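For reference, the chains in residue letters:
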Amino acid sequence: MTTRRAFVAGGLCGCAMHGAAQAERIRPAAMQALVAPGYRPVDADERGMWHSVARLEEELASSNLRLDAPQMQRYVEGVIVRLLGERARETRVYIVHDPDFNAAMFPNGMMIVQTGLLARIRDEAQLAAVLGHECGHYLRRHSLQRWRDYRRKTGIMAFVGAGTRIVAGVSLSVGVDPRGWIDIANSINTALVCSIRQFSRESEREADAFGVRLIEQAGYPPDAAAEVWRHYVEERRASARARDKRYRDKARSATSTHPPTAERMLDLTASARELEAASAPPRLYDDGRDAWRAVVAPLRAGLLDEQIKLNDPGASLYLVNALAQDGWDGTLRYCEGEAYRLRDEPGDAARAGWAYAQAVTLDDAPPEAWRANGYALLNAGDADRGRQSLARYLARKPDATDAAMVRFALAQ
Ligand SMILES: [Zn+2]
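Residues numbered from 1 in each chain as written. Predicted model: local features only at pLDDT ≥ 70, side-chain atom pairs only at ≥ 80, totals over all residues. Heavy atoms only, no water.

A. Structural context of helix α15 (residues 348-359). Here α15 is twelve residues long and its end C-alpha atoms lie 16 Å apart, about the 16 Å a rise of 1.5 Å per residue gives. Regarding α15, the residues found buried are D348, A352, G353, A355, Y356 and A359. The arc that holds the buried residues of α15, viewed along the axis, is 165°, so those residues lie on one side. Looking at the packing, one finds that the buried side of α15 touches α14 (330-343) and α16 (367-379). (Helix = DSSP H or I, 4+ residues; strand = E, 2+ residues; numbered from the N terminus. Expected span 1.5 Å × (residues − 1). Buried < 20%, exposed > 50% of the residue type's maximum accessible area, 1.4 Å probe, protein only. Arc of directions from axis to C-beta. Contact = heavy atoms within 4.5 Å.)

Now the structure itself:
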């Protein structure tokens, strides 16, 4: 069975990153849209593909997997408008709860942004870099190319039928079953293998070149695209180290369809330099860090909580520390403590206790920080301060689902 992890195993952009022999960099200036504004599918194949995607979109639109955050929704849509201008009207974006670092673009303009992406993004420019890459796939009609290629190889019309059947199955589970997203992911995997995953290396390189051009035109620093990849690779390295494994770039394998990540980062950096040099007079770019921090602040505790629960402490600690470069706050310290608590190696209980104690002295500590601090103090034998901290938790969150349990602990 395909799991949620497998769905996004490639990381960033449902299509992930892939490529073998060094290919020549595609120049951003060479990228032109292949889809005219208002494009509708013409032939039967493509109409069938759109139909399946449309049904999937209906399920997604009404599912409880969507992040309930109207301000963030408007913000992401605003970035797409900045990138695509008028053509943004052809797209719809759905932010879904999924802790993996990923986004995907479908042939009909449906875009999926996963909460794991929002958890990791440091500024608006980085968000724009990922969205720009996905828009590049859309404007170059990569999913249609991929679909035609797939059909030529298989010579069967399995796609549309499979899509309809699976999507029909999804409607039974979405909304009631927490595994709903996995079913959606499965249906995407199975029915749309041609559309978002396994784009060819050439398509990925085109989307990179197009994306970096879109962000530069929109006034974002074009370096943001390479930065996103740098953070991604560093996080995967940290994750592998914590599991005593060596980081392997999956995109380096001969069968991979994506260019190796190192090559991608070099190409993106070279493209950024080229675009900067071509703009005369030199532009003043804005990475939109303050705007991004303001919109993500109320969501950050929830976003990080999804990541921490994956119990990938190497990645979680990397992420918390990377975000803390902009300054520690109560949420980040609390999450640091949670990552140590779940890792549970010798010394981690003390590390977690220290982090919780710090968290409750800082701004924006979630109520749970007081609870964690309370239990850590009780475990360390500091009953008085432990009780005080638990009482603070109850005061801040009197209707917490575990309030009765905490009251019981206090009564002991
Ligand atoms: Zn891609």
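B. Looking closely at the environment of C135. Locating C135 in the fold gives a position in helix α5 (residues 124-139). Residue classification places C135 among the buried positions, given a relative accessible area of 0%. Taking the C-alpha atoms as reference points, C135 and A88, separated by 47 residues in sequence, lie 9.3 Å from one another.

C. Looking closely at the side chain of E336. Topologically, E336 is positioned in helix α14. When its relative accessible area of 8% is taken as the criterion, E336 is described as buried. Polar contacts involving the side chain of E336 include one to the side chain of R333, which spans 2.8 Å. When neighbours within four sequence positions are excluded, E336 is seen to be in contact with L317, V320, W328, W354 and A355. (Polar contact = N/O pair within 3.5 Å; in protein donor to acceptor, adjacent residues only side chain to side chain.)

D. Main features of empty space enclosed by the protein. Taken as a whole, this structure holds five cavities of 30 Å³ or more when the rule is applied. Space inside the second largest cavity adds up to approximately 100 Å³. Every residue along the wall of the second largest cavity is listed here: F101, R120, I121, R122, Q126, V228, H231, Y232, E235, Y318, L319 and A322. Listed by contribution, the elements that provide at least two residues to the lining of the second largest cavity are α10 (224-242) and α13 (313-323). A per-element tally of the lining of the second largest cavity places α10 first, with four residues. Taken together, the residues of the lining of the second largest cavity break down into seven nonpolar, two polar and three charged. (1 Å grid on protein atoms, 1.4 Å probe; cavity = no way out; pocket = protein on both sides within 12 Å on 5 of 7 lines; lining within 4 Å. Points joined across faces, edges and corners; volume = space filled by probe spheres on them. Nonpolar A, V, L, I, M, F, W, Y, C, P; charged D, E, K, R; others polar.)

E. Local environment of the sheet that holds strand β1 (residues 92-96). With mixed pairing, three strands are arranged side by side in an open sheet as β1-β3-β2. The strands lining the two open edges of the sheet, one partner per strand, are β1 and β2 (103-105). Neighbouring strand axes in the sheet, compared pairwise and without regard to direction, differ in orientation by 15° on average. Together, β2 and β3 (110-114) form the strand contacts of α5, whose direction differs from that of β2 by roughly 25°. (Pairing = 2+ DSSP bridges. Axes fitted to C-alpha atoms, helices over the stretch in contact; angles between N-to-C directions.)

F. Region of interest: the layout of surface pockets. Approximately 370 Å³ is the volume attributed to the second largest pocket. Forming the walls of the second largest pocket are 20 residues, and the residues nearest its centre are R341, Y356, A372, Y375 and A376. Contributing elements (two or more residues each) for the lining of the second largest pocket: α14, α15 and α16. Looking at the lining of the second largest pocket, its residues break down into twelve nonpolar, three polar and five charged.

G. Structural detail: the packing of helix α12 (residues 289-308) against α14. One can describe the packing of α12 onto α14 by two numbers: an axis separation of 10 Å at closest approach and a directional angle of 15°. By the criterion of interaxial angle, the relationship of α12 to α14 is roughly parallel. Relative to α14, α12 is oriented so that their crossing is right-handed. Here α12 contributes R300, A301, L304 and I308 to the contact with α14, which in turn contributes T331, L332, C335, E338, A339 and L342. The residue makeup of the contact of α12 with α14, split by class, is seven nonpolar, one polar and two charged. (Parallel < 35°, antiparallel > 145°, perpendicular 65-115°, else oblique. Left-handed = near helix turned anticlockwise from the far one by under 90°.)

H. Representation of helix α11 (residues 261-278) in the model. Across its 18 residues, α11 extends 26 Å between first and last C-alpha, which sits within 8% of the 26 Å expected from 1.5 Å per residue. Taken as a whole, α11 has its buried residues at T261, E263, R264, D267, L268, S271, A272, E274 and L275. Along its buried surface, α11 packs onto α5, α9 (201-217) and α10.

I. Here's a closer look at the packing of α13 against α14. Interaxial distance between α13 and α14 falls to 10 Å at its minimum, and their mutual angle equals 165°. With respect to α14, the axis of α13 lies roughly antiparallel. For the pair α13 and α14, the sense of crossing is left-handed. Every residue of α14 that contacts α13 at P313, S316, L317, V320 and L323 is listed here: L332, C335, E336, A339, Y340 and R343. The class makeup of the residues in the contact of α13 with α14 is eight nonpolar, one polar and two charged.

J. Summary view of the pairing of β1. Buried residues dominate β1, accounting for four of its five residues. Across five bridges, the pairing between β1 and β3 is parallel. Looking at β3, one finds that Y94 is bridged to I112.

K. Structural detail: the pairing of β3. Burial of β3 is extensive: five of the five residues sit out of reach of the surface. Bridge count for β2 against β3 is three bridges, and the pairing is antiparallel. By the bridge assignment, M105 is partnered in β3 with M111. Hairpin connection, β2 to β3: the antiparallel pair is bridged by four residues, and G109 has positive phi, about 95°.

L. Quick peek at the packing of aromatic side chains. The final tally for this structure, using the stated rule, is four aromatic pairs. Measuring from centroid to centroid gives 5.8 Å for Y75 and W292, while their planes differ by 50°, and the two rings are tilted. One end of the pair, Y75, is in helix α3 (residues 70-84); the other, W292, is in helix α12, with 217 residues separating them in the sequence. The buried category is assigned to W292, whose relative accessible area is 0%. Considering the side-chain rings of F101 and Y232, the 5.7 Å spacing of their centres and the 45° angle between planes classify their relative orientation as tilted. Of this pair, F101 sits in the loop between β1 and β2 while Y232 sits in helix α10, and the two are 131 residues apart along the sequence. Y232 carries the same exposure label as F101, and that label is buried. Each residue in the set F101, W229 and Y232 is aromatic and connected to the rest through ring pairs, giving one cluster. Against the face of Y220 rests R82, its NZ or CZ located 4.0 Å from the ring centre. A cation over an aromatic ring shows up here: R333 above the ring of W328, its NZ or CZ 3.5 Å from the ring centre. (Phe/Tyr/Trp six-rings, centres within 6.5 Å; stacked < 30°, edge-to-face > 60°. Lys NZ or Arg CZ within 6 Å of the ring centre and 35° of its normal.)

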